[in-house]
Amino acid sequence: MKTNSSAITRVVDKNIPYLSSAVAIWRPRAVLRSWPGVAIALVIALSATFISSNYGGPQLLYALFFGLAFHFLASDPTCKPGIEFCSKVLLRTGVALLGARITFNQIASVGVTPLLIVVGGLVATLGFGYLLAKWLKRPITEGILSGGSVAICGASAALAISAVLPQTKENEKFTLLTVVGVTSLSTLAMIVYPLLVKLLGFDPTEAGVFIGGTIHDVAQVVGAGYLVSNHTGDVATFVKLTRVACLVPVVLGLSIMFKRKDGKSEVDAPPLVPFFLIGFVWLVITNSLGLIPQEVNGWINNASRACLVIAIAALGVKTSFQSLASLGWRPVIMLVMETVWIAAFVAIAVLLTR
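If you're wondering where the values come from, they're calculated on a predicted model, not measured in any experiment.

Asker: Please explain the packing of helix 7 (residues 112-135) against helix 8 (residues 140-151) as it appears in this structure.
Answerer: Between two packed helices, what matters for the description is the angle formed by their axes and the separation of those axes. The geometry of helix 7 relative to helix 8 is characterised by a closest axis approach of 7 Å and an angle of 150° between their N-to-C directions. Viewed along their axes, helix 7 and helix 8 adopt a mutual orientation that is roughly antiparallel. Once helix 7 is placed against helix 8, the crossing between them reads as right-handed. Along the contact surface, helix 7 presents Leu122, Thr125, Leu126, Gly129, Tyr130, Ala133 and Lys134, while helix 8 presents Ile140, Gly143, Ile144, Gly147, Gly148, Val150 and Ala151.

Asker: Looking at this structure, I do not really get the nonpolar core. What am I missing?
Answerer: Where a protein is soluble and globular, its nonpolar side chains tend to be buried together. If you look at the biggest cluster of nonpolar residues, it comprises 70 residues, and the most contacted ones within it are Ile152, Ile161, Leu247, Phe276, Phe280 and Ile312. Of all the elements, helix 16 (residues 294-318) adds the most residues to this core, at ten residues. The residues contacting Ile152, other than those within four sequence positions of it, are Leu122, Ala157, Ile161, His216, Lys240, Arg243, Val244, Leu247 and Val250. Counting 26 residues, the second largest nonpolar core, distinct from the first, contains Val150, Ala189, Phe202 and Val346.

Asker: What should I look at first to understand the packing of aromatic side chains in this one?
Answerer: The geometry of two aromatic rings is summed up by the distance between their centres and the angle between their planes. Here the structure, examined in full by the defined rule, presents five aromatic pairs. With 5.2 Å between their ring centres and 50° between their planes, Tyr193 and Phe210 make a pair best called tilted. Of this pair, Tyr193 sits in helix 10 (residues 169-199) while Phe210 sits in helix 11 (residues 204-214), and the two are 17 residues apart along the sequence. Across the pair, Phe210 and Tyr193 agree in class, each one buried. Between Phe202 and Phe210, the aromatic rings sit 5.9 Å apart at their centres with planes inclined by 55°, giving tilted as the arrangement. One exposure class covers both Phe202 and Phe210, and it is buried. Through a chain of ring-to-ring contacts, three or more aromatic side chains come together here, namely Tyr193, Phe202 and Phe210.

Asker: Where do I start with unusual backbone geometry in this structure?
Answerer: Excluding glycine, a negative phi dihedral is what most residues carry, and trans is how most peptide bonds are arranged. The backbone phi angle of Lys137 is positive, close to 60°, even though this residue is not glycine. For Lys137, the position within the fold is in the loop between helix 7 and helix 8.

Asker: I keep staring at the pattern of salt bridges and nothing clicks. Help me out?
Answerer: One side chain can pair with another of opposite charge once the charged atoms of both are near each other. Per the counting criterion, the structure on display carries two salt bridges. The salt bridge partner of Glu84 is Lys318, with a shortest N-O separation of 3.3 Å. Of this pair, Glu84 sits in helix 5 (residues 80-97) while Lys318 sits in helix 16; the two residues are 234 residues apart in sequence, bridging distant segments of the chain. Exposure remark for Glu84: the relative accessible area of 24% places this residue in the partly exposed category. The salt bridge involving Arg138 is made with Glu142; its shortest N-O contact spans 2.8 Å. Taking the relative accessible area as the measure of exposure, Arg138 reaches 17% and is therefore buried.

Asker: Would you explain the packing of helix 4 (residues 59-68) against helix 10 in this entry?
Answerer: Put simply, helix 4 and helix 10 touch, their axes get as near as 9 Å, and they point 140° apart. Taken as axis vectors, helix 4 and helix 10 run oblique relative to one another. The two elements helix 4 and helix 10 meet at a crossing, and its hand is left-handed. Residues Leu61, Leu64 and Phe65 of helix 4 lie in contact with helix 10, whose contacting residues are Leu176, Val179, Val180, Thr183 and Ser184.

Asker: Just checking my understanding: could you explain a nonpolar patch on the surface for this structure?
Answerer: Together, Phe104, Val281, Ile285, Leu289 and Leu291 line one region of the surface with nonpolar side chains, adding up to about 470 Å² of accessible area. Along the chain, Ile285 turns up in helix 15 (residues 275-288).

Asker: In this structure, what is going on with helix 18 (residues 330-352)? I would like to understand it.
Answerer: Because the α-helix completes a turn every 3.6 residues, residues three or four places apart line up on one side. If you check helix 18, its first and last C-alpha atoms are 33 Å apart, about what 23 residues at 1.5 Å a residue would give, namely 33 Å. If you follow the buried residues of helix 18, they end up packed against helix 7, helix 8, helix 10, helix 11 and helix 13 (230-245).

Asker: So what exactly am I meant to see when it comes to the side chain of Thr232 here?
Answerer: Tracing the backbone shows Thr232 in helix 13. Classification of Thr232 by relative accessible area gives buried; the value is 0%. For Thr232, the side chain forms a polar contact with the main-chain oxygen of Pro204, separated by 2.9 Å.

Asker: In this structure, what is going on with the side chain of Asn287? I would like to understand it.
Answerer: Among the structural elements, Asn287 can be located in helix 15. Overall, the relative accessible area of 13% leaves Asn287 in the buried class. Those residues in contact with Asn287, other than ones at most four positions away along the chain, are Gly99, Ala100, Arg101, Ile102, Thr103, Ile292 and Asn297.

Asker: Any chance you could explain helix 11 here in plain terms?
Answerer: Most of helix 11 sits out of view: nine of its eleven residues are buried. Looking at helix 11, one finds that the buried residues are Glu206, Ala207, Gly208, Val209, Phe210, Ile211, Gly212, Gly213 and Thr214. Residues of helix 11 that are buried in the fold lie against helix 7, helix 10, helix 12 (218-228), helix 13 and helix 18.

What counts and how
The numbers attached to residues start from 1 for each chain and follow its sequence in the written order. Whole-chain, interface and lining totals are the exception, using all residues; otherwise, since this is a predicted model, local features are given only for residues with pLDDT of at least 70 and side-chain atom pairs are given and counted only at 80 or more. The basis for the side-chain values is all heavy atoms of the structure; hydrogens and waters are excluded. Axis definition: a line fitted to C-alpha atoms, limited for helices to the stretch in contact. Angles are taken between N-to-C directions and run from 0 to 180 degrees. Put simply, DSSP marks the helices as runs of H or I at least four residues long and the strands as runs of E at least two long, and each gets a number from the N terminus on. Oblique is the label for any angle not under 35 degrees, not over 145, and not in the 65 to 115 range, which are roughly parallel, roughly antiparallel and roughly perpendicular in turn. Helix crossings get a hand from a simple test, with the near helix turned counterclockwise from the far one by less than a right angle marking a left-handed crossing and a clockwise turn marking a right-handed one. Every residue pair with non-hydrogen atoms within 4.5 Å of one another is taken to be in contact. Within this scheme, the nonpolar core is defined by two criteria: the residues are buried Ala, Val, Leu, Ile, Met, Phe, Trp, Tyr or Cys, and they are joined through side-chain atoms within 4.5 Å. Using a 1.4 Å probe on the protein chains alone, a residue whose accessible area is under 20% of its type maximum counts as buried, one over 50% counts as exposed, and one in between counts as partly exposed. Planes of paired rings set the category: under 30 degrees apart is stacked, over 60 is edge-to-face and the rest tilted, where pairs are Phe, Tyr or Trp rings (Trp by its six-membered ring) whose centres lie within 6.5 Å. We define a salt bridge as a side-chain nitrogen of Lys or Arg found within 4 Å of a carboxyl oxygen belonging to Asp or Glu. Any residue with relative accessible area above 30% and no salt bridge may belong to a patch, with like charges joined within 9 Å and the nonpolar Val, Leu, Ile, Met, Phe, Trp and Tyr side chains within 5 Å. Under the convention used here, a 1.4 Å probe and the Shrake-Rupley method define accessible areas, while residue burial counts only the protein chains that appear. In a helix, the anticipated span is given by 1.5 Å times the number of residues less one. Between N or O atoms, a polar contact is any pair within 3.5 Å; within protein, one atom must be a potential hydrogen donor and the other a potential acceptor, and residues adjacent in sequence are included only when both atoms are from side chains.

Right, dumping it as structure tokens:
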């Protein structure tokens, strides 16, 4: 019996459009069209990595700023396919690979009370972002995106959440602003929070809970925690990993939220359960069962970081300073207020649970 390949293609295109488009990306013709844009994003990412490694500073922020300088290539027909590939496919791949950094034992080792504080702070910050967006008369998606990035894991959470929100140019621009904002605020917090925990009189464990429960990006959490002490650094890392693990239910919930009741998706919305989210959960489970060798785990973590840096570089190329400035002062105020909110929430919770 012969198989009608065109009929199969039509069925896939009709019923699984996301899978169909994902497969289409890897066709030889698509790869040939994409390589110039991919090469540009890769060179930008390597430049950002070199500057960060040799002179210090946040790698993702450098990649974004360098990408913004090449905005003139965003509309170039030769570069555009590769830039789109990096900003979407590599972005989702990098987020999925984050799962290899987490195990259930790490999450359980922080104890029940810090876990409740982290979850409480996450929910409160998401709710605060929603209310703040309404108060400032901004789109609700901006409040959810900024609140989620502050509450969970900074730039990585912003990218993951933006992937399940309606894909509009306005949301894309706000995602970039959020990445810039949370990375900058996280770097500032890495310097300020070790001093703050001493002023508040926190012991090493309490300091770890505060630092891990408030700073946005993982790298800055580790830096700030170990500035205080090794024990504080360990606790801060575990608490931060718990926040990162919350990325799964939050993104899944938002994916369901942004589906219409009649079953039809919003414009350009991804599937109900995104493939990158399934990959994230699978890697968490696999890593928890000890099925990923340590060396392989290191490769996966490096691959995740590389994908995210390249994706950020591509997103930078797609946006100009002028488009970011057009968002106005309200989004910046949102990020600052959400950062202050989660810091106050966790600090008060730690003091009350002594």
